[in-house]
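Observations on the model geometry
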Amino acid sequence: MRPAILDDARLSALAREHGTPLFVYDAATICARYAELSGFDVVRYAQKANPNLSLLALLRECGAAIDAVSAGEIERALAAGFAPNEIVYTADLFDRAALEGVARHGIHVNVGSRDMLAQLAAVQPRADVTLRINPGFGHGHHRKVTTGGSDSKHGIWHEELPVAIDQAREFGLRVVGLHLHVGSGASFSRLVRAGLELVHAAERVETTLSSISAGGGLPVRYRATDREFPLERYAESWRAGVRSIEARARRPISLEIEPGRWLVAESGVLVTEVRATKRQGEREFVLVDAGFHNLIRPTLYGAYHEIRALAKLGPERAVVVAGPLCESSDVFTQVPGGALAPILLPPLVAGDLLAIHDVGAYGTSMASNYNSQPIAAEVLVDGERSRLIRRRQRFDELFAPERELL
Ligand SMILES: *Cc1c(COP(=O)(O)O)cnc(C)c1O
C-alpha cells in the first residue's frame, strides 16, 4: 500500500530541497495502521523497526506504549516523551548498560532467559515481570527473522517455563505477564498456534497474571500480490484466548500487541538519484546514490521492495538497481541467496530519481556507516506540511570519536 500523498511531484520536490538519499514518511499512513489495531487493549510499538524520535512522538500521541530492546532504546523512548511506566524492556539478556538503565528508571522487564531473573531481582527487588516463552516453533519471512523453535536464541523454552516461574517466585518476583513473539512477517496460522500455546501456559500463573502479549510479527504487503493479513480474525482469536484465561483466573487480563513493521513499513519511501548507468555483457545496471548502508533488507534477506522511476515514462527494460558501495552484494534487486532479479524500468539517465517503497521499517534503523557513508536525512510528511526529522549526518560526525584521540 503506497501512500497516495507521496506522489512523484512531492517526492521530487523533497529530494530537491533535502538532497538524496532521502527517507520520506507519511504520518497519516502510520496513524491509519495504528487505528486498525483497536482490537487490542495495548499497542506497544517495537521501536527497533524505526526509532526516529519524531516517529516515536507521533505514535505516543496516537496512544501507543513502547518496547525497548537495549539501553539505547530506553533512552530514546524517554527522549521522545514516554514515561518510564510506558516502556517495557524485552531481551534475552541484560548487558550491563541495560541492567543499569532498567534499575535507574524502574523499567518493566520482559525476561527471555532464566539468568535474567536473579539479575533483575538484585536491582529491582519484588518487581513485577513478564516472561517471554519460546513455544518450540517459530515462523518468519526468512530463516534469519524466525524467533521461535530450538534454533532460536529467543525466549524461555516452553518446557522450562515451570522452572522459570518457580525461580521468579524464589527471587521474590511476581509474574504478571506472558509474552511470545514467533517471528517477523509470520503466517496467520503460526501466529494463532502461538496464541494457543500462551493460553495453555497461563494456567501456571493465573493468580498473578494481568497481561498477555501477542508479540509483533504482523506481515505487510511488499508485493501487490501478497495477501492481506486477516487482522480482525487474528485479534478475535487472541481475544477468545484471553476470555478463557479471564474466566478461569477471575480477573481482567489486558491483551497487548507489539508490532514494528506493521505500523511503519508502508509509510516510508527512499528517494535516490541515478548517478550512472552501464551495460555489463547482457546486464543493464542502474547505479544510484543509496546502498545497503541505507537499506540492507535486499542484501540480508533477498527482500523485495517495489522500485519505480519518478516522473519518467517510456519503453521499460529489465535493469539491475545497485548502490555505490564497494561490495558486489550492494544490489536492491536480488532474491534470497543473492541471485540478481532485474526489474522493469523506463530508460534512465544520471540525475533521474527512483523511489524505493515500503522502507519505513528496518530501513534506516539498520543503517550503517560502511564505506564512511553518512546516515541519510529523514522527512515526515503530514498532509500539506513536511519537516526534516533527521538531518543528514555530517562527515565530521563520522570520525569525531577518532579525531579527538588522534
Ligand atoms: C522485532 C520484534 C518485534 C517487532 O517485529 P515486527 O515484525 O517488526 O512486528 C516485536 N517484538 C519483539 C520481541 C521483537 O524482537
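Structure's up top.
Residues numbered from 1 in each chain as written. Predicted model: local features only at pLDDT ≥ 70, side-chain atom pairs only at ≥ 80, totals over all residues. Heavy atoms only, no water.

Let us now look at the environment of Leu178. If you trace the backbone, Leu178 turns up in strand E8 (residues 174-179). Using a relative accessible area of 0% as the deciding quantity, one classes Leu178 as buried. On a C-alpha basis, the gap between Leu178 and Ala201 in space is 8.2 Å, while along the polypeptide they are 23 residues apart. In contact with Leu178, not counting residues within four places along its chain, are Thr130, Leu131, Ile133, Leu198, Ala201, Ala202, Val205, Leu209, Ser211, Ile212 and Ser213. (Helix = DSSP H or I, 4+ residues; strand = E, 2+ residues; numbered from the N terminus. Buried < 20%, exposed > 50% of the residue type's maximum accessible area, 1.4 Å probe, protein only. Contact = heavy atoms within 4.5 Å.)

A few words now on the pattern of salt bridges. Scanning all chains against the criterion turns up 23 salt bridges. Taking the shortest distance from any N to any O, the salt bridge between Arg248 and Glu203 comes out at 3.6 Å. Note that Arg248 is positioned in helix H9 (residues 231-249) and Glu203 in the loop between helix H8 (188-202) and strand E9 (211-213), a separation of 45 residues in sequence. Glu203 sits in the partly exposed class, given a relative accessible area of 45%. Between Arg394 and Glu397 there is a salt bridge, and its shortest N-O distance comes to 3.9 Å. (Salt bridge = Lys/Arg side-chain N within 4 Å of Asp/Glu carboxyl O.)

Running from N to C, helix H2 (residues 27-35) and helix H3 (residues 53-62) cross one another at 40°; their axes reach a closest spacing of 10 Å. Here H2 lies oblique to H3, going by the angle between them. When the axes of H2 and H3 are compared, the crossing they make is right-handed. Contact with H2, carried on its side by Ala27, Ile30, Cys31 and Tyr34, involves Leu55, Leu58, Leu59 and Cys62 of H3 and no other residues of that element. Here the contact of H2 with H3 is composed, by residue class, of 8 nonpolar, no polar and no charged. (Axes fitted to C-alpha atoms, helices over the stretch in contact; angles between N-to-C directions. Parallel < 35°, antiparallel > 145°, perpendicular 65-115°, else oblique. Left-handed = near helix turned anticlockwise from the far one by under 90°. Nonpolar A, V, L, I, M, F, W, Y, C, P; charged D, E, K, R; others polar.)

Quick look at the site of the ligand now. Around the ligand, the structure places 13 residues, and the nearest of them are Lys48, Ser184, Glu258, Arg261 and Tyr362. One of the backbone N or O atoms of Gly260 is found 3.0 Å from an oxygen atom in the ligand. Contact distances for the ligand include 2.6 Å between an oxygen atom and a side-chain N or O atom of Tyr362. Contact with the protein chains removes 94% of the 380 Å² of surface that the ligand exposes when unbound. A breakdown of the residues in the shell around the ligand according to their chemical character gives 3 nonpolar, 6 polar and 4 charged. (Near = heavy atom within 4 Å. Polar contact = N/O pair within 3.5 Å; in protein donor to acceptor, adjacent residues only side chain to side chain. Areas by Shrake-Rupley, 256 points an atom, 1.4 Å probe, with all protein chains shown as cover.)

Among the residues of helix H1 (residues 8-18), Arg10, Leu11, Ser12, Leu14 and Ala15 are the ones counted as buried. Residues of H1 that are buried in the fold lie against strand E1 (22-26), strand E11 (268-280), strand E13 (307-309), strand E16 (353-357), strand E17 (377-382) and strand E18 (385-390).

Note that Arg221 resides in the loop between E9 and H9. Judged by its relative accessible area of 27%, Arg221 falls in the partly exposed class. Residues Arg221 and Val242, spaced 21 residues apart in sequence, show a C-alpha to C-alpha distance of 28 Å. A distance of 3.0 Å separates the side chain of Arg221 from the backbone oxygen of Ala224, its partner in a polar contact. A polar contact is formed between the side chain of Arg221 and the side chain of Glu228, at a distance of 3.2 Å.

Taken across its 5 residues, strand E2 (residues 42-46) has 4 buried, putting it largely inside the fold. Pairing of E2 with strand E10 (residues 254-257) involves 2 bridges; the strand directions are parallel. Among the inter-strand pairings, Val42 is bridged to a residue of E10, identified as Glu256. Of the strand pairs in this sheet, E2 and strand E3 (residues 65-68) are connected by 3 bridges, and their pairing is parallel. (Pairing = 2+ DSSP bridges.)

What follows covers the side chain of Thr90. Within the secondary structure, Thr90 sits in strand E4 (residues 87-91). Since its relative accessible area comes to 6%, Thr90 is described here as buried. Side-chain polar atoms of Thr90 contact the side chain of Asp67, separated by 2.6 Å. The contact partners of Thr90, leaving out residues within four places of it in the chain, are Asp67, Ala68, Val69, Asn110, Arg132 and Glu258.

The next thing to look at is the nonpolar core. Among the nonpolar cores identified, the biggest contains 101 residues, and Tyr89, Leu131, Leu178, Ile212, Tyr234 and Leu354 are the most heavily contacted of them. Apart from residues no more than four positions distant in its own chain, Tyr234 is found in contact with Phe40, Phe188, Leu191, Val192, Ala214, Leu218, Phe229 and Ile257. Core analysis: the second largest hydrophobic core is formed by 14 residues, Leu14, Ala15, Val24 and Ala355 among them. (Core = buried A, V, L, I, M, F, W, Y, C linked by side-chain atoms within 4.5 Å.)

Our focus in this paragraph is helix H4 (residues 71-79). Within H4, the full set of buried residues consists of Ala71, Glu73, Ile74 and Ala77. Buried residues in H4, looked at end-on, bunch into an arc of 165°, giving them a common side. Buried residues belonging to H4 abut H3, E3, E4 and helix H5 (96-105). Residue Gly81 follows H4 closely and has a positive phi angle near 110°. (Arc of directions from axis to C-beta.)

As a packed pair, H8 and H9 sit with axes 10 Å apart at the nearest point and diverge in direction by 10°. As judged from the angle between their axes, H8 and H9 are roughly parallel. For the pair H8 and H9, the contacting residues are Phe188, Leu191, Val192, Gly195, Leu198, Val199 and Ala202 in the first and Arg233, Tyr234, Ser237, Trp238, Gly241, Ser244, Ile245 and Arg248 in the second. A breakdown of the residues in the contact of H8 with H9 according to their chemical character gives 9 nonpolar, 4 polar and 2 charged.

This part takes up unusual backbone geometry. Between Thr20 and the following residue, Pro21, the backbone shows a cis peptide bond with an omega angle of -5°. In this structure, Pro21 sits in the loop between H1 and E1. Notably, Arg250 is not glycine yet its phi reads approximately 55°, a positive angle. Summarising the element assignment, Arg250 is placed in the loop between H9 and E10. Phi at Asn371 takes a positive value of approximately 65°, unusual for a residue other than glycine. For Asn371, the position within the fold is in the loop between E16 and E17.

Nothing here speaks to function; it is geometry throughout.
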